[in-house]
Amino acid sequence: MLPPELPPLPSLTRAEGAVVDSYLEVVDLLGRINPARGSDTYGALRAAQALTGRAAALRDALTLMQQRGERDLHAATLARALRVLDGERRAARVTLPATGNGATKE
C-alpha cells in the first residue's frame, strides 16, 4: 500500500526555501536538545554544537532575502511549506510533553 500523497510544496524563492529548510533544521536540533524529551547528554551536546551553524544558515538566508528586496515573510505560504515538510510534528518536539507521557508533575 502506498503512503498518502503529500500536497505539493508551494512555490518559494530560493531564499525562502533556504529559510524554511534552515528553520526546520534548527527546530530539529532544539528538539534533540530539549531536556524534557532527551535521554542522554551526549546527543544533546552534539545537537547544541550543531545549532550555531544551523542558526547562522538561517540568519544568512534571511539576510539574503533582505538584500534581494524580499521584505515580507508570506506567513500563509511559508506555513503551508512547513506543514508539507512535517513541521508541526517536528516543532512539537521542542515543547514540554504532556503529563502522563513519562513526564512528572512538580
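Read on for a plain summary of the structure.

## Looking at the pattern of salt bridges
Item 1. For the structure shown, the criterion picks out 5 salt bridges.
Item 2. Arg59 is paired through a salt bridge with Asp60; the nearest N and O atoms lie 2.9 Å apart.

## Describing helix H1 (residues 14-33)
Item 1. For H1, built from 20 residues, the straight-helix expectation of 28 Å at 1.5 Å per residue is met to within 8% by its first-to-last C-alpha distance of 29 Å.
Item 2. Taken together, the buried positions of H1 are Ala15, Glu16, Gly17, Val19, Val20, Ser22, Leu24, Val26, Val27, Leu29 and Gly31.
Item 3. As for H1, its buried residues are in contact with helix H2 (41-67), helix H3 (75-84) and helix H4 (87-92).

## Concerning the nonpolar core
Item 1. In this structure, Ala15, Val19, Val26, Leu58, Ala61 and Met65 together form the largest nonpolar core, which totals 6 residues.
Item 2. Among residues more than four places away in sequence, those in contact with Ala61 are Ala15, Ala18 and Val19.

## So, the side chain of Asn34
Item 1. Tracing the backbone through its elements, the reader meets Asn34 in the loop between H1 and H2.
Item 2. Once residues within four sequence positions are removed from consideration, Asn34 is found in contact with Arg93, Val94 and Thr95.

What counts as what
- Residues numbered from 1 in each chain as written.
- Predicted model: local features only at pLDDT ≥ 70, side-chain atom pairs only at ≥ 80, totals over all residues.
- Heavy atoms only, no water.
- Salt bridge = Lys/Arg side-chain N within 4 Å of Asp/Glu carboxyl O.
- Helix = DSSP H or I, 4+ residues; strand = E, 2+ residues; numbered from the N terminus.
- Expected span 1.5 Å × (residues − 1).
- Buried < 20%, exposed > 50% of the residue type's maximum accessible area, 1.4 Å probe, protein only.
- Contact = heavy atoms within 4.5 Å.
- Core = buried A, V, L, I, M, F, W, Y, C linked by side-chain atoms within 4.5 Å.

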